[in-house]
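Working through the structure, step by step
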Amino acid sequence: MKTIRLIYPQWQGANIARWIPEIPADEASRGYYLGSMLLAYLAPETTCETFTVPVSTDISNREETDGVLDRDIIIKQTKAALDTLAIANPDKVVTLGGECSVSVPVFSFLASKYQDDVAIVWIDAHPDITQPGDDYNGYHAMALAGCMGRGDEKLMSLLPAQVSSDRICLAGLRECEYPYIEKRVDDWGLTHFSPEQLSADSKPVTDWLRNTGASKVMIHFDMDVMDPSDILAAVADGPDGGLKLTEVVRLINDIANEKELVALTVAEPMPRLAIRLKAMLANLPLMK
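Once a new chain begins, its residue numbering starts again from 1 and follows that chain's sequence as written. Given that the model is predicted, a residue must reach a pLDDT of at least 70 before its local features are reported, and side-chain atom pairs must reach 80 or more before they are shown or counted; all residues, however, enter totals for whole chains, interfaces and linings. Note that the side-chain values use all heavy atoms of the structure and ignore hydrogens as well as water.

1. With respect to the packing of helix α2 (residues 31–42) against helix α11 (residues 272–282)
Here the axes come from fitting lines to C-alpha atoms, over the contacting stretch only for helices, and the angles between their N-to-C directions go from 0 to 180 degrees. Helix numbering and strand numbering both begin at the N terminus, where a helix is a DSSP run of H or I of at least 4 residues and a strand a DSSP run of E of at least 2. The interhelical angle for the contact between α2 and α11, taken along N-to-C directions, is 105 degrees, at an axis separation of 10 Å. In terms of axis orientation, α2 runs roughly perpendicular to α11. Contacts between α2 and α11 involve Gly31, Leu34 and Leu38 on the former and, on the latter, Ala274, Ile275 and Lys278. Residues that form the contact of α2 with α11 fall into these classes: four nonpolar, one polar and one charged. To sort the angles, those under 35 degrees are grouped as roughly parallel, those over 145 as roughly antiparallel, those from 65 to 115 as roughly perpendicular, and the leftovers as oblique. The contact criterion used throughout is that any non-hydrogen atoms of two residues lie within 4.5 Å. When residues are grouped by polarity, Ala, Val, Leu, Ile, Met, Phe, Trp, Tyr, Cys and Pro land in nonpolar, Asp, Glu, Lys and Arg in charged, and all others, Gly among them, in polar.

Encoded structure:
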């Protein structure tokens, strides 16, 4: 079984600068790029092949197309990710992002490989099932919908496979942003568990996973699922609940012990301190 590590610093799917006012807007917008690079630096050394998806850092002209911010750039980078996966042809993928949409080409590629024998556990504070034309235009909020083949037609046409909603579980969900998103979770038949349901043990998710009949699982771990009062690693900075770091680690390991783990994505690290230190260094003499 061939495992690869994929460094995928895509940031264009997010529209987040307004939520991080202490950082200059352009640097906040590109924060997930630096976050991905830091994850790659901090991750344990591996004997697996490592690939990096080429991602532009140009922020000079951000445009919305058909309800998706920076859609044409995201299309280009999605193609690059899929080309990388096609050439490497892995059986398992560890993805270090980047905003949440980095899971979309990876999960689609593996869903094509494993057909109807794979499930998704989406560990996230949000359901990520926004659609083009909704109130928020960031593709990262459309990521799980994309894994189901629901979304922008041009982006969806690139993907080799999709996963049905009965094979998807939302773990740690605590914010649906808008009432119509909450209704969509139910209308699409998505199983979901709150942080409170998972704080003591992982049984709700592992029981659900056992009942899917799939032998393999893909895990998406958005760092905003964690309680900011325990660890501030994502955009959200208020003490508004969420899973503790130790609870997330336990949950992921319990899932991996229940089914064969074929994909693990770590997404949306927002390194506020590192961004501010980077800006400080850029303003010191003799640095350039």
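After presenting the structure, the write-up continues.
2. Remarks on a nonpolar patch on the surface
On the surface, Leu273, Leu277, Met280, Leu281, Leu284 and Met287 cluster together to form a nonpolar patch covering roughly 560 Å² of accessible area. By the secondary structure assignment, methionine 287 is in the segment after α11. Each residue gets one of three labels from its accessible area relative to the maximum for its type: buried under 20%, exposed over 50%, partly exposed in between, using a 1.4 Å probe on protein chains only. Taking relative accessible area as the criterion, methionine 287 reaches 48% and is therefore assigned partly exposed. For patches, a residue must show more than 30% relative accessible area and have no salt bridge; joins then use 9 Å for like charges and 5 Å for nonpolar side chains, namely Val, Leu, Ile, Met, Phe, Trp and Tyr. Per-residue and other accessible areas follow the Shrake-Rupley method at a 1.4 Å probe size, with only the shown protein chains counted as cover for residues. Salt bridge, as used here, is a side-chain nitrogen of Lys or Arg placed within 4 Å of a carboxyl oxygen of Asp or Glu.

3. Quick word on the environment of isoleucine 181
Note that isoleucine 181 resides in helix α7 (residues 179–187). Sequence separation of isoleucine 181 and histidine 220 is 39 residues, and the distance between their C-alpha atoms is 19 Å. Those residues in contact with isoleucine 181, other than ones at most four positions away along the chain, are Pro127, Ile129, Thr130, Asp134 and Cys176.

4. A word on the packing of helix α9 (residues 203–212) against helix α10 (residues 245–258)
The geometry of α9 relative to α10 is characterised by a closest axis approach of 10 Å and an angle of 25 degrees between their N-to-C directions. Comparing their axes, α10 and α9 come out roughly parallel. When the axes of α9 and α10 are compared, the crossing they make is right-handed. Between α9, through Val205, Thr206, Leu209 and Arg210, and α10, the contact on the second element is made entirely by Leu251, Asp254, Ile255 and Glu258. In terms of residue class, the contact of α9 with α10 is made up of four nonpolar, one polar and three charged. Crossings are assigned a handedness: left-handed for a near helix turned anticlockwise from the far helix by less than a right angle, right-handed for a clockwise turn.

By themselves, these figures tell us nothing about what the structure is for.
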